[in-house]
Amino acid sequence: MNKIAVFCSASDAIEPVFMEKARELGAWLGQHRKWLVYGGSNTGLMEALARSATENGAMIMGVVPTKLEEHGRVSDLLDVTFHSVNLSDRKDIMLQESDVMVALPGGIGTLDEVFHVMAACSIGYHQKKVIFYNVEGFWNDLLAFLNRLEETHFVHRPLKNYFEVANTLEELTRLLE
Ligand SMILES: Nc1ncnc2c1ncn2[C@@H]1O[C@H](COP(=O)(O)O)[C@@H](O)[C@H]1O
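Cut-offs used in this document
- Residues numbered from 1 in each chain as written.
- Predicted model: local features only at pLDDT ≥ 70, side-chain atom pairs only at ≥ 80, totals over all residues.
- Heavy atoms only, no water.
- Helix = DSSP H or I, 4+ residues; strand = E, 2+ residues; numbered from the N terminus.
- Expected span 1.5 Å × (residues − 1).
- Contact = heavy atoms within 4.5 Å.
- Pairing = 2+ DSSP bridges.
- Right-handed = clockwise from strand over helix to strand, strands pointing away.
- Buried < 20%, exposed > 50% of the residue type's maximum accessible area, 1.4 Å probe, protein only.
- Arc of directions from axis to C-beta.
- Near = heavy atom within 4 Å.
- Polar contact = N/O pair within 3.5 Å; in protein donor to acceptor, adjacent residues only side chain to side chain.
- Areas by Shrake-Rupley, 256 points an atom, 1.4 Å probe, with all protein chains shown as cover.
- Nonpolar A, V, L, I, M, F, W, Y, C, P; charged D, E, K, R; others polar.
- Axes fitted to C-alpha atoms, helices over the stretch in contact; angles between N-to-C directions.

Draft legend 1. Representation of helix α1 (residues 16-31) in the model. Relative to the 22 Å expected for 16 residues at 1.5 Å per residue, α1 spans 23 Å between its end C-alpha atoms, a close match to the ideal helical length. Looking at the packing, one finds that the buried side of α1 touches β1 (3-7), β2 (35-38), α2 (44-55), β5 (100-103) and α7 (169-176). Once α1 ends, the next one or two residues include Arg33, with phi positive near 55°.

Next comes the structure, spelled out in structure tokens:
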């Protein structure tokens, strides 16, 4: 897989371990000459990831909604900039431009992106998967809830159709190779 979308936090106030894991992933993307497709913001895990990716040789595509541009929150690291009108078409563009999506720890924006991709997969718009990068068990509660949805038949197909989980960088990169 060559074009990897990454959904992740825009916050600068989170624990350093998450920044470190984002940088490690960025370095791997660069060393393996991958394209990073992401939200293009100059804050949080997004900027940490993008800086490390570009320093290690990755090409970077940012999908930037008008609002971010208006607020001066666009990273200056981007090789390619896609301009989106809003968050809805931003998600469609990120999905269209990538082979697989990785979810690093994140908040509401990240959850919105993850569920957009899985919901579209669930009714057959695509067959691309989300990989939850479960740094420090960040996604455990969400994964437990998703498993409950499967056990109680609230999801239409087995969850393995929609996502995979990587607990370490090694597990993640094995899925990305
Ligand atoms: N206001 C936003 N700034 C940057 N990125 C955003 C914003 N809203 C949605 N996104 C996307 O969602 C995540 C970051 O949002 P979090 O709420 O911090 O998880 C990122 O992947 C962006 O593409």
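Draft legend 2. Region of interest: the pairing of strand β7 (residues 163-166). Bridge count for strand β6 (residues 130-133) against β7 is four bridges, and the pairing is parallel. What sits directly across from Tyr133, in β7, is Ala166. Each parallel crossover has a hand, and for β6 linked through helix α6 (residues 140-151) to β7 it is right-handed.

Draft legend 3. View of helix α5 (residues 108-122). Look at α5: 21 Å from first C-alpha to last across 15 residues, which is about the 21 Å you get at 1.5 Å a residue. All of the buried residues along α5 are Thr110, Glu113, Val114, Val117, Met118, Ala120 and Cys121. An end-on view of α5 places all buried positions within 165° of arc, on one side of the element. The inward-facing, buried residues of α5 abut β1, α4 (87-96), β5, β6, α6 and β7. The positive-phi residue at the C-terminal boundary of α5 is Gly124, with phi of around 90°.

Draft legend 4. Representation of the site of the ligand. The local shell around the ligand holds 17 residues, among which Ala10, Gly107, Gly109, Thr110 and Glu113 are the closest. A distance of 3.1 Å is found between a nitrogen atom of the ligand and a side-chain nitrogen or oxygen belonging to Arg73. Backbone polar atom of Ile108 to an oxygen atom of the ligand: 3.4 Å apart, as the coordinates give it. Compared with its free state, where it exposes 480 Å², the ligand has 81% of that area covered by protein. Of the residues forming the shell around the ligand, the biggest block, four residues, is contributed by α5. The class makeup of the residues in the shell around the ligand is seven nonpolar, seven polar and three charged.

Draft legend 5. Expanded view of the sheet that holds β7. In space, the seven strands of this open sheet follow the order β4-β3-β2-β1-β5-β6-β7, with parallel pairing throughout. The open sheet terminates on both sides in strands that have one partner only, identified here as β4 (80-84) and β7. Taking the axes of each pair of neighbouring strands and ignoring which way they run, one obtains an average angle of 25° across the sheet. In the sheet, β1 pairs with β2 via three bridges, with the strands oriented parallel. Across the sheet, the residue bridging to Ala5 is Val37, located in β2. Contacting β1, β2 and β3 (59-65), α2 runs over the sheet at an angle of about 165° to β2.

Fair warning: the whole summary comes from geometry, so function is off the table for now.
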